[in-house]
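# Structural characterization, general
Residues per chain are reported as follows:
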Amino acid sequence: MSGAENILPANNNLNIAEGGLGLIFLIGFMGCGKTTLGRKLANRLGYPFMDLDHVLEEQAGMSIADYFSNFGEDAFRKLESEVLKQTVYPEHAVISTGGGLPCFFDNIDWINAHGKSVYIKLSSKTLADRLEHEKTKRPLLREKHGDTLIAFIDEKLAEREGFYNKATVVTDGLGLTAMKVEALLKL
Ligand code: S3P
């Protein structure tokens with residue numbers, strides 16, 4: 001390798017030379033598919049994938065469920081916002097966020113100032129069907145089933161949609177593919 005190549009920054013790659021898409025934050029309610037779709041999109045684009053829930057759990061040294069029960073939701077929201085803003089991101093990445101993250105403090109504005117955001121939109125009924133058996137790791141959903149779960153999601157979505165709808169791209173989550181998200185981001 002020549003000397004000139006040696007002094008290039010470690011994250012210099014073809015995507016930067018081509019412009020690239022920068023930071024892509026996937027947002028939306030629990031169960032909308034941020035992590036699954038995020039991994040596929042990252043794979044497709046050749047970018048690293050990051051899950052901010054996991055970054056938080058690593059920093060806290062405990063699961064989100066344990067953090068909620070030890071310190072409560074307010075402390076969780078503060079830490080979640082710090083993790084969003086203090087994480088060192090690569091030049092390009094696909095990042096999945098916790099379902100509540102865009103809806104606290106100025107987080108959604110910070111996201112849109114530092115990258116693009118994609119809101120994966122699904123109905124309360126579809127979310128409830130997906131979440132019925134996926135609740136153990138999600139402290140907000142414990143003890144909620146059937147109609148109570150749908151009613152809870154309805155209420156939370158009504159509170160949160162104003163924040164989610166600030167996303168750069170708002171798209172229906174049913175049948176959504178990484179190819180479609182890539183196309184929407186490049187419009
Ligand atoms: C939350 C969503 C969870 C996690 C925490 C709170 C929320 O993330 O951050 O349990 O308030 O909607 P996922 O959306 O990845 O499940």
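Now for a look at the structure at hand.

Cut-offs and rules
Residues numbered from 1 in each chain as written. Predicted model: local features only at pLDDT ≥ 70, side-chain atom pairs only at ≥ 80, totals over all residues. Heavy atoms only, no water. Buried < 20%, exposed > 50% of the residue type's maximum accessible area, 1.4 Å probe, protein only. Helix = DSSP H or I, 4+ residues; strand = E, 2+ residues; numbered from the N terminus. Pairing = 2+ DSSP bridges. Salt bridge = Lys/Arg side-chain N within 4 Å of Asp/Glu carboxyl O. Contact = heavy atoms within 4.5 Å. Phe/Tyr/Trp six-rings, centres within 6.5 Å; stacked < 30°, edge-to-face > 60°. Lys NZ or Arg CZ within 6 Å of the ring centre and 35° of its normal. Lys, Arg positive; Asp, Glu negative; His and termini not counted.

## Here's the deal with the pairing of strand β5 (residues 169-172)
Only one face of β5 is covered, namely the one carrying Val169 and Thr171; the face carrying Val170 and Asp172 has none of its residues buried. Where strand β4 (residues 116-121) meets β5, 4 bridges bridge the pair, whose relative direction is parallel. Residue pairing across strands places Val118 opposite Val169, the latter belonging to β5.

## Digging into the pattern of salt bridges
For the structure shown, the criterion picks out 10 salt bridges. The partner of Lys166 in a salt bridge is Asp109, and the shortest N-O contact between them spans 3.1 Å. With Lys166 in the loop between α8 (146-164) and β5 and Asp109 in helix α6 (residues 107-114), this residue pair connects regions lying 57 residues apart in the sequence. Judged by relative accessible area, Lys166 falls into the partly exposed class, the value being 42%. The class of Asp109 is partly exposed, set by a relative accessible area of 41%. Among the salt bridges present, the one from Lys156 reaches Glu159, with a minimum N-O distance of 3.5 Å. Taken as a pair, Lys156 and Glu159 lie in helix α8 at a separation of 3 residues, close to a single helical turn. For Lys156, a relative accessible area of 18% corresponds to the buried category. What emerges from the salt-bridge pattern is a single network uniting Arg44, Glu182 and Lys186.

## What to know about the environment of Lys116
Structurally, Lys116 is set in strand β4. In this structure Lys116 comes out as partly exposed when scored by relative accessible area, which is 28%. Sequence separation of Lys116 and Leu187 is 71 residues, and the distance between their C-alpha atoms is 12 Å. Dropping the residues within four chain positions of it, Lys116 is found in contact with Leu21, Leu23, Ile24, Phe25, Thr168 and Leu185.

## Examining the packing of aromatic side chains
By the definition in use, this model includes 6 aromatic pairs. Ring plane angle 80 degrees and centroid distance 5.9 Å describe the contact between Phe25 and Tyr89, whose orientation is recorded as edge-to-face. Here Phe25 is found in strand β1 (residues 23-27), whereas its partner Tyr89 is found in the loop between α5 (64-86) and β3 (93-96), with 64 residues between them in sequence. Pair check on accessibility: Phe25 and Tyr89 agree, each one buried. Taken together, the ring pairs in this structure connect Phe25, Tyr89 and Trp110 into an aromatic cluster. Lying across the ring of Phe152, Lys144 places its NZ or CZ 4.4 Å from the centre.

## Thoughts on the side chain of Asp51
With respect to the helices and strands, the residue Asp51 is situated in strand β2 (residues 49-51). Here Asp51 occupies a buried position and makes no salt bridge, while the nearest side chain of opposite charge, Arg39, is found at 5.4 Å. Excluding residues within four positions of it along the chain, Asp51 makes contact with Thr35 and Ser96.

Shape is all these values report; function is a separate question.
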